Amino acid sequence: FYFFSIPYIISLLIEYFKYIKIKLKEDAMRSYIVQLSKCVLFKDIDEEDIIQVLDKTDYKIIQYNSDEVIAIEGEDCHSLGIILKGKVEIQKIFPSGQIMTINIFDAGNIFGESLVFSNKHTYPATVTAIENTKVMFIAKEDIIKLCMLNSNVLTNFVSVLSQRILMLNNRI
């Protein structure tokens, strides 16, 4: 019969719960790996590498119902959104009531990538789920961490920004 002190047992329990939390996060990540591997940020990155870098990064996943607003024009944007499931519509709503659809993004696309690093980080348009949608949000500091952990993420991120700039220039 062994006698363990209460502080020792508590420290063991704390370590056990930390381990469980890590495993749950990793299991959740594995359930989204197919969608994440389609994401432009993780282009040409192995699934295991995606799991590794995201395991070291804070993020949150939020479920939205169809027609639920994700972000309203004028709101602060402090994180990049990765669409894991569903579709979102980017709309500009004018004072006259006229609504113009700017873009529709589906799983694998991202939004907020250029806003999160700008001095004026407010949404220029409203983002709405047009079907049941799951979005992974990664804050600015964690995007930087991702880019430092894997240079391919950095390359892909800069590539996305460049493509969006070129697209806007072509529209002018």
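Everything in this summary refers to the structure shown in the same document. Note that the structure is a prediction, hence the values are computed from the model and not measured. Numbering of residues starts from 1 in every chain and runs along the sequence as written. Local features are withheld for residues below a pLDDT of 70 in this predicted model, meaning they are given only at 70 or higher, and side-chain atom pairs are given and counted only at 80 or more; totals for whole chains, interfaces and linings count all residues. As a rule here, side-chain values come from all non-hydrogen atoms in the structure, and water together with hydrogens is ignored.

Only runs of H or I of at least four residues qualify as helices and only runs of E of at least two qualify as strands under DSSP, and these elements are numbered from the N terminus. The secondary structure content of the protein amounts to five helices and eight strands. Going from N to C terminus, the protein has its helices and strands arranged as α-α-α-β-β-β-β-β-β-β-β-α-α. Only the C-alpha atoms count toward the radius of gyration. The rule for a globule is 2.2 Å times the residue count to the power 0.38. The C-alpha atoms of the protein give a radius of gyration of 20 Å, which is well past the 16 Å a tight globule of 172 residues would have. Principal-axis analysis of the C-alpha atoms places the extent of the protein at approximately 80 × 35 × 30 Å. Of the accessible surface of the protein, which amounts to about 10,700 Å², a share of 58% is contributed by carbon and sulfur atoms. In this charge count, Lys and Arg are treated as positive and Asp and Glu as negative; neither His nor the chain ends contribute. Charged side chains are reduced to one point each, which is NZ for Lys, CZ for Arg, CG for Asp and CD for Glu. Separation of charge centres in the protein, based on 18 positive and 21 negative side chains, amounts to 1 Å. Note on areas: these come from Shrake-Rupley sampling with a 1.4 Å probe, and a residue is covered only by the protein chains present in the view.

On to the side chain of glutamine 91, then. Relative to the helices and strands, glutamine 91 is located in strand β4 (residues 87–93). There is a polar contact of 3.0 Å between the side chain of glutamine 91 and the side chain of glutamate 89. The contact definition used throughout considers only heavy atoms, calling two residues in contact when any of these lie within 4.5 Å. Those residues in contact with glutamine 91 that lie beyond four places of it in its chain are Ile99, Met100, Thr101, Ile102, Ala125, Thr126 and Thr128. Between N or O atoms, a polar contact is any pair within 3.5 Å; within protein, one atom must be a potential hydrogen donor and the other a potential acceptor, and residues adjacent in sequence are included only when both atoms are from side chains.

Another point: a nonpolar patch on the surface. A patch is a set of surface residues, each over 30% in relative accessible area and not in a salt bridge, joined within 9 Å for like charges and within 5 Å for the nonpolar side chains Val, Leu, Ile, Met, Phe, Trp and Tyr. Counted as salt bridges are all cases of a side-chain nitrogen of Lys or Arg within 4 Å of a carboxyl oxygen of Asp or Glu. Where nonpolar side chains cluster on the molecular surface, the patch consists of Tyr8, Ile9, Leu12, Leu13, Tyr16 and Phe17 and spans about 600 Å² of accessible area. Examined against the element boundaries, isoleucine 9 turns out to sit in helix α1 (residues 6–31).

Attention now goes to the packing of aromatic side chains. Note on aromatic contacts: the rings of Phe and Tyr and the six-membered ring of Trp form a pair at centre separations within 6.5 Å, being stacked when their planes are under 30 degrees apart, edge-to-face when over 60 apart, and tilted otherwise. All chains considered together, the criterion is met by two aromatic pairs. An angle of 85° between the planes, with centres 6.1 Å apart, marks the rings of phenylalanine 111 and phenylalanine 137 as edge-to-face. In this pair, phenylalanine 111 is assigned in strand β6 (residues 110–111) and phenylalanine 137 in strand β8 (residues 133–139), connecting sequence segments 26 residues apart. For every residue, the accessible area (1.4 Å probe, protein chains only) is compared with the maximum for its type, and the residue is labelled buried under 20%, exposed over 50%, or partly exposed between those bounds. Look at phenylalanine 111 and you get buried, because its relative accessible area is 3%. Measuring from centroid to centroid gives 5.7 Å for phenylalanine 117 and phenylalanine 157, while their planes differ by 70°, and the two rings are edge-to-face. Here phenylalanine 157 lies in helix α5 (residues 151–171) and phenylalanine 117 lies in the loop between β6 and β7 (126–129), a separation of 40 residues in the sequence. On the accessibility criterion, phenylalanine 157 (6% relative accessible area) is buried.

On to α5. To estimate how far a helix should reach, multiply one less than its number of residues by 1.5 Å. Between its first and last C-alpha, α5 extends 31 Å over 21 residues, near the 30 Å set by a 1.5 Å rise per residue. Among the residues of α5, Val153, Asn156, Phe157 and Val160 are the ones counted as buried. Take α5 and look down its axis: the buried residues cluster within an arc of 105°, on one side only. Exposed and facing more than 90 degrees away from the buried side of α5 are Ser151, Thr155, Ile165, Leu166 and Asn170. The inward-facing, buried residues of α5 abut β3 (79–85), β6 and α4 (140–149). Taking the helix axis as origin, the arc is that swept by the directions to the C-beta atoms.

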